[in-house]
Amino acid sequence: MKRLGEDVQKSGHKSIKVSTLLEHFSVRKRSSKNIQTIKEQMGSRGFYTQPEYSNELKFGSNLRIYNYPVTQKGELFGNERELEEYVAKNELYKKLGINRVERQHSPRGTKDKLDFKGFCEGQEIAVFELKNRGGGKSAVEQVFRYAGFLRQEFPSCQIRTILVTGIQNYETAMAIRGMSPKQQSSFEWYLYKYHKDIEYFEFERVEWTDFKSQNKC
């Protein structure tokens, strides 16, 4: 476990097969008790797995171990397109103070397309980007790039920067950590919480204080 911790500390995560993880804990047969023991011991060392370790995972399945609380609040959609369609159809953007949206807006001078250009109160416009799973550095950079385009296109408007992901992950947290304090305070990162069987959907904001005290974040 010491070597595992060193690898996680060095690279931010460690990829490992379920079978290898069980070997670390000298577990040959999986049971509910063993699962709880592994989770408790991992938690005591500040380790988190994505996906969450369970009996449903095959022995050959790959896990990523982090020293950052990787979080998933509910079910994930089949793909990003399904997520985008669901949000648009049910006007869920209104939960974030966006009154209406324009889908796949392409700012002048670029071939890039926003998932949604949102119209808020007054002279406020939002870059509203959706990622079905995690975001990462590229997603954060994408939101800021789109915001830059909109500032050129609408110089008199205030621009909101909003990223929604299905997983609160280390890579996105690290990207936000690299922002200036001003950028951090204005960047809005939300997790979506979805339960298909009861048609439940909610946005939960990830606050900077949720991850700034982590060892790597």
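Structural notes, computed from the coordinates. (Residues numbered from 1 in each chain as written. Predicted model: local features only at pLDDT ≥ 70, side-chain atom pairs only at ≥ 80, totals over all residues. Heavy atoms only, no water.)

## Examining the sheet that holds strand β6 (residues 116-119)
Then comes step 1: Strand order in the open sheet made by the 6 strands is β5-β6-β7-β8-β10-β11, with mixed pairing throughout. Two strands in the sheet have a free side with no partner beyond their single neighbour: β5 (100-103) and β11 (200-205). Sheet twist, expressed as the average angle between the axes of neighbouring strands with direction ignored, equals 30°.
Then comes step 2: Pairing analysis gives 4 bridges linking β5 to β6, with the strands arranged antiparallel. Bridge assignment links Arg100 to a residue of β6, and that residue is Phe119.
Then comes step 3: Across the face of the sheet, helix α4 (residues 80-89) comes into contact with β5, β6, β7 (124-131), β10 (187-195) and β11 while running at roughly 140° to β7.
Then comes step 4: The strands that helix α5 (residues 137-153) touches are β6, β7, β8 (158-165) and β10; relative to β7, the one it contacts most, it runs at about 155°. (Pairing = 2+ DSSP bridges. Helix = DSSP H or I, 4+ residues; strand = E, 2+ residues; numbered from the N terminus. Axes fitted to C-alpha atoms, helices over the stretch in contact; angles between N-to-C directions. Contact = heavy atoms within 4.5 Å.)

## Examining the nonpolar core
Then comes step 1: Residues Tyr68, Val127, Val140, Ile159, Leu163, Phe187 and Trp189 are the most contacted members of the largest nonpolar core, which totals 25 residues.
Then comes step 2: Those elements that provide at least two residues to this core are β7, α5, β8, α6 (170-177) and β10.
Then comes step 3: For this core, the leading source of residues is α5, giving 6 residues.
Then comes step 4: Counting 21 residues, the second largest nonpolar core, distinct from the first, contains Val87, Ala88, Phe116 and Phe128. (Core = buried A, V, L, I, M, F, W, Y, C linked by side-chain atoms within 4.5 Å. Buried < 20%, exposed > 50% of the residue type's maximum accessible area, 1.4 Å probe, protein only.)

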